[in-house]
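In case you want the letters, here they are:
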Amino acid sequence: MSRDIESRIIDIVEGVRSSVVSIITTRLMVDEWLNATPMKGLGTGFFIDDKHIITANHVVQGATELSVVTPDGEEYEAELLGTDPEFDAALIRTRGIGSVKPVRLGDSDKLRVGQMVLAVGYPLGLLGEPTVTLGVISAIGRSIRTPVGILEGLIQTDAAINPGNSGGPLLNLDGEVIGVNTAIIAGAQGIGFAIPINLVKLSVEEILRFGRVIRPRLGIYGVDLNKPMAKYFRLPVDRGILVAGVMPGSPADDAGIRQGDVITAIDDEELTSIVQLKVHLAKKFMEGNRLFNLTIVRGRTRYRVRVEI
C-alpha cells in the first residue's frame, strides 16, 4: 500500500472517529417459565447531524431502552424515531452531546467493484475507539435471505464485519458513507454486506417527514442482471432486474409480471439495479405518483405494462 493511501485512510479514520458511536439496547426476553428478563444488545451507529443517528433496524428492533456511548466513554439516552425493516435501517435521536461532527453521505449509485472501502464500528462489544477494517467492494446488487426477511441490492465487501458492526458506516476513500453495515454469512470468510446509502437516505427522509416509512410496494423480489447471468439463463438482454419472485395479489401480480421476466425500464428510465428501481418508486410515490410504466422483456418479446401502486 502506498504511503499516500495509508495517509488518506488515517485522515478518514481521524475525521469520523467521533461520529461513530456504540448503540446499547435493552430487550425483555421471556424464558420457558414466562419470566421476563432484560437482555443487553450492542451495535453501531453514526451521526448525520448534531442529534440524529443512523443505525440498522435489527440493532434496535424490540428494544425497550436505548443509549449511545461515544468513543470517549460518555453514555447518553436515546429515542427511536422510526425504522425501515425492508432496508434494515433505523433513525434514533439523542440530546446533550454538544458539538458533533457529522459524517458525509456519498452516492452509492457510483460504486464500482474493486473499490477500496473502510468498515468502522464496535465489533463484539469492544468499546472505546471504534474498530476499523479495510477491504474492497466484492460485488454490487446482492440479495440475501435473513431472519427478518429478504434484503436486496446489497453491497458485498471483504472488509471484516463482525457482530456489533451492524449499523456502522462503510466508507469510501473520500471519507463518505456509501453503505450501512448489516449482515455477515455465518461460516464464511470475507463476505459481509451493507445497505446502499441511497436507500438509507430514503428511509431517513420518510421518517423525518412523515414520522414513519411510507413505502410503495411493487411486489417482486429481484436481482441485478449481468452478462454472465444473461448468458446462463439465455436471456436476450444483459441489463435490468431479473424477477426472482412475485408476491401473490401484489401490484406486480395484478399487472401480469412473472418470475423470470426482466424489467429494463420504469417510466422510460433505463434500469440497471434493484436499488435504482426502489429509489425511483419511493421518490415518485412521495410526489403523489401512483401509476408507473414498466418495460418488460419476456423471452424474445418486449412490452410495456402499467402498474398501479
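Residues numbered from 1 in each chain as written. Predicted model: local features only at pLDDT ≥ 70, side-chain atom pairs only at ≥ 80, totals over all residues. Heavy atoms only, no water.

1. With respect to unusual backbone geometry
So, point 1. Phi at Asp88 is positive, roughly 50 degrees, even though this residue is not glycine.
So, point 2. With respect to the helices, strands and loops of the structure, Asp88 is situated in the loop between β5 (75-84) and β6 (89-94). (Helix = DSSP H or I, 4+ residues; strand = E, 2+ residues; numbered from the N terminus.)

2. Here's the deal with the environment of Val13
So, point 1. Considering the arrangement of structural elements, one finds Val13 in helix α1 (residues 3-16).
So, point 2. It is 9.6 Å that separates the C-alpha atoms of Val13 and Thr131, two residues lying 118 residues apart in sequence.

3. Thoughts on the pattern of salt bridges
So, point 1. Inspection of every chain in the model, using the stated rule, returns 14 salt bridges.
So, point 2. Among the salt bridges present, the one from Arg217 reaches Glu86, with a minimum N-O distance of 2.7 Å. Placement of the pair is Arg217 in the loop between α3 (197-210) and β14 (220-225) and Glu86 in the loop between β5 and β6, with a sequence separation of 131 residues.
So, point 3. Classification of Glu86 by relative accessible area gives buried; the value is 19%.
So, point 4. The salt bridge involving Arg298 is made with Asp261; its shortest N-O contact spans 2.8 Å. Of this pair, Arg298 sits in strand β18 (residues 291-298) while Asp261 sits in the loop between α5 (251-254) and β16 (262-266), and the two are 37 residues apart along the sequence.
So, point 5. Residue class for Asp261 comes out buried when judged on its relative accessible area of 2%. (Salt bridge = Lys/Arg side-chain N within 4 Å of Asp/Glu carboxyl O. Buried < 20%, exposed > 50% of the residue type's maximum accessible area, 1.4 Å probe, protein only.)

4. A few points about the nonpolar core
So, point 1. With 50 residues, the main nonpolar core has Val200, Leu218, Ile257, Ile263, Leu277 and Leu294 as its most contacted residues.
So, point 2. Broken down by element, the residue count for this core peaks at seven residues, all from helix α6 (residues 274-286).
So, point 3. Judged by nonpolar contacts, the second largest core, of 14 residues, contains Ile23, Phe47, Leu66 and Ile97. (Core = buried A, V, L, I, M, F, W, Y, C linked by side-chain atoms within 4.5 Å.)

5. Remarks on α3
So, point 1. Across its 14 residues, α3 extends 20 Å between first and last C-alpha, which sits within 8% of the 20 Å expected from 1.5 Å per residue.
So, point 2. Regarding α3, the residues found buried are Ile197, Asn198, Leu199, Val200, Leu202, Ser203, Val204, Glu206 and Ile207.
So, point 3. Positive backbone phi, at 85 degrees, marks Gly211, one or two positions downstream of α3. (Expected span 1.5 Å × (residues − 1).)

6. What about the side chain of Asn181?
So, point 1. Tracing the chain through its elements places Asn181 in strand β12 (residues 176-184).
So, point 2. Assessed through its relative accessible area of 0%, Asn181 is described here as buried.
So, point 3. A polar contact of 3.4 Å, which involves the side chain of Asn181, links it to the backbone oxygen of Pro169.
So, point 4. Not counting chain neighbours up to four residues away, the residues in contact with Asn181 comprise Ala56, Ala119, Val120, Ile161, Asn165, Ser166, Gly167, Gly168, Pro169, Leu170, Phe193 and Ala194. (Polar contact = N/O pair within 3.5 Å; in protein donor to acceptor, adjacent residues only side chain to side chain. Contact = heavy atoms within 4.5 Å.)

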